[in-house]
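The chain contents come next:
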Amino acid sequence: PDDPPRLLTRAAAAARLPRRAADAHKGDAGSLLVIGGSLNYFGAPVLAAHAALRAGVGLLTLAVPRSILGPVASQVAEATYLPLPEGDWGVVGRDALAPIAEVLDRYTALQIGNGLGRAESTAEFVARLFGLAAASRERGGFGFRAAQAEVPAPAESPVKVPVLFDADGLNWLSTVERWWEKLAHLPLLLTPHHGELARLRGVEREAISAAPWRAARDAARDWGQTVVLKGGYTVVATPDGGLWVAPLANPALASAGTGDTLAGILGGLLAQGLAPADAAVLGLWLGARAGDLARTAIGTLPLLAGDLPAYVARAIQELELGRAAG
């Protein structure tokens, strides 16, 4: 093509790796608030948390429904926690806006969606968080259940920081008419798989899978935001038409939770001050390299998403050692 994609390289990743001063403290390394988790999916924010911490974020807070706080907190000792009011048991309720709004200005990035679920009360909360009218439709049974139209949105959203939308965060976006115009003031990083991008674009999944690179590029241009389209050869598409392609496909990553891990890497980098496009390029390389290292050590079939954060650390170590040698 006239505007060919670029292959994701070690050099491109190394150039974007955050640096720390010798006297840095945790506040200098960014702070990430992850909103997610529900009764059926409390492992998702755990996987994202471990990956974000390995990616170097200085402070991580998990905001989860209060009834699942215990099992989540027992798995991530390094995080802090914000228990959220619930709607139904184990799902975020509409009243969760108040505790989130109270602390949001302490964070340098927000990540939303991992294990969030699609309950009506959750849809109402997310709509109010972003200052939008409550979601009122669903697509093909995959969207959030319709929220009550009479629920008022706040006059102004408390969200002022870059936002990563993943999983059910993306499914919520797909219920909002022309969301890209309503959220154009925020730097966004969107991490859909083919089905999620299809819902966001209002097309069939086959239309995305037939030409995924073009679909990602068109979406990023149309929305003015960075898109990481997950698949065999995951791509980063930027608003200016740039397209970066992962150097290899890894069948070992065809396992539940690997998307949450990738989102955590990206969120951790976004919180450290990287622009969405730079966080996506570096994060995708780290995720691909971690998967390659893990597959070599563990094998294709036995690899679990929970294995990956340790190899994210190995991948970062390779970049740091290479930079020191250079």
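Above this text you will find the structure in question.
Residues numbered from 1 in each chain as written. Predicted model: local features only at pLDDT ≥ 70, side-chain atom pairs only at ≥ 80, totals over all residues. Heavy atoms only, no water.

**Focus: the pairing of strand 2 (residues 31-35)**
With respect to burial, strand 2 is a largely interior element, five of its five residues being buried. Pairing of strand 2 with strand 3 (residues 59-65) involves five bridges; the strand directions are parallel. The partner of Leu32 across the bridge, within strand 3, is Leu60. Tracing the backbone out of strand 2, into helix 2 (residues 43-54) and back to the parallel element strand 3 gives a crossover that is right-handed. (Buried < 20%, exposed > 50% of the residue type's maximum accessible area, 1.4 Å probe, protein only. Helix = DSSP H or I, 4+ residues; strand = E, 2+ residues; numbered from the N terminus. Pairing = 2+ DSSP bridges. Right-handed = clockwise from strand over helix to strand, strands pointing away.)

**Focus: the nonpolar core**
Judged by nonpolar contacts, the single largest core of 52 residues is most densely connected at Leu32, Leu60, Leu62, Leu269, Leu282 and Leu286. When residues of this core are traced back to their parent elements, those giving at least two are helix 1 (10-16), strand 2, helix 2, strand 3, helix 11 (258-271), helix 12 (276-298) and helix 13 (308-325). Considering every element that reaches this core, the biggest residue donor is helix 12, with 10 residues. Not counting chain neighbours up to four residues away, the residues in contact with Leu269 comprise Pro18, Ala55, Leu274, Ala279, Leu282, Gly283 and Leu286. Counting residues in each nonpolar core, the second largest holds 50 residues, with Leu110, Phe130, Leu190 and Leu229 among its members. (Core = buried A, V, L, I, M, F, W, Y, C linked by side-chain atoms within 4.5 Å. Contact = heavy atoms within 4.5 Å.)

**Notes on helix 5 (residues 120-129)**
With nine of 10 residues buried, helix 5 lies mostly within the body of the structure. When we look at burial in helix 5, the residues that qualify are Ser121, Thr122, Ala123, Glu124, Phe125, Val126, Ala127, Arg128 and Leu129. Following helix 5 by one or two positions, Gly131 has its phi on the positive side, about 70°.

**Overview of the sheet that holds strand 5 (residues 109-112)**
With respect to topology, 10 strands assemble into an open sheet ordered 1-10-9-8-7-6-5-2-3-4, the strand pairing being mixed. With partners counted over all chains shown, the strands left at the sheet margins are strand 1 (6-7) and strand 4 (80-84), one partner each. Relative to strand 10 (residues 243-245), strand 1 runs parallel, the two sharing two bridges. Counted as the bridge partner of Leu7 is Val245 from strand 10.

**Digging into the layout of surface pockets**
Its volume calculated, the second largest pocket comes out at about 200 Å³. Residue contributions to the lining of the second largest pocket peak at three residues, all from helix 13. Among the residues forming the lining of the second largest pocket, the class breakdown is five nonpolar, two polar and five charged. (1 Å grid on protein atoms, 1.4 Å probe; cavity = no way out; pocket = protein on both sides within 12 Å on 5 of 7 lines; lining within 4 Å. Points joined across faces, edges and corners; volume = space filled by probe spheres on them. Nonpolar A, V, L, I, M, F, W, Y, C, P; charged D, E, K, R; others polar.)

**What about the pattern of salt bridges?**
Should their charged atoms come close, side chains of opposite charge can pair. The tally for this structure, following the rule as stated, stands at nine salt bridges. Between Glu156 and Lys160 there is a salt bridge; the shortest N-O distance is 2.6 Å. For Glu156, a relative accessible area of 56% translates into the label exposed. The closest approach of N and O atoms between Asp292 and Arg289, which form a salt bridge, is 3.2 Å. Taken together, the residues span about one helical turn, with Asp292 and Arg289 both in helix 12 at a distance of three residues. Relative accessible area serves as the criterion here: at 26%, Asp292 is assigned to the partly exposed category. A residue is classified by how much of its surface remains accessible, and Arg289, at 21% relative accessible area, is partly exposed. One salt-bridge network, held together by shared partners, links Arg10, Arg289, Asp292 and Glu318. (Salt bridge = Lys/Arg side-chain N within 4 Å of Asp/Glu carboxyl O.)

**Focus on unusual backbone geometry**
Unlike most non-glycine residues, Ala167 shows phi in positive territory, near 50°. Topologically, Ala167 is positioned in the loop between strand 6 (163-165) and helix 6 (168-173). Judged by relative accessible area, which is 17%, Ala167 ranks as buried. Notably, Arg178 is not glycine yet its phi reads approximately 50°, a positive angle. Position of Arg178 among the secondary structure elements: in the loop between helix 6 and helix 7 (179-182). In this structure Arg178 comes out as partly exposed when scored by relative accessible area, which is 42%.

**Regarding the packing of helix 8 (residues 194-201) against helix 10 (residues 212-223)**
Relative to each other, helix 8 and helix 10 sit at 45°, their axes nearing to 11 Å. As judged from the angle between their axes, helix 8 and helix 10 are oblique. Viewed along their axes, helix 8 and helix 10 form a crossing whose handedness is left-handed. Across from His194, Leu197, Leu200 and Arg201 in helix 8, the residues of helix 10 making contact are Pro212, Ala215, Ala216, Asp218, Ala219, Asp222 and Trp223. When the residues that make up the contact of helix 8 with helix 10 are grouped by side-chain class, the tally is seven nonpolar, one polar and three charged. (Axes fitted to C-alpha atoms, helices over the stretch in contact; angles between N-to-C directions. Parallel < 35°, antiparallel > 145°, perpendicular 65-115°, else oblique. Left-handed = near helix turned anticlockwise from the far one by under 90°.)

**Focus on the environment of Leu164**
As for its position among the elements, Leu164 is in strand 6. Using a relative accessible area of 0% as the deciding quantity, one classes Leu164 as buried. For the pair Leu164 and Gly267, spaced 103 residues apart in the sequence, the C-alpha separation amounts to 6.4 Å.

Any link to function would need more than the numbers given here.
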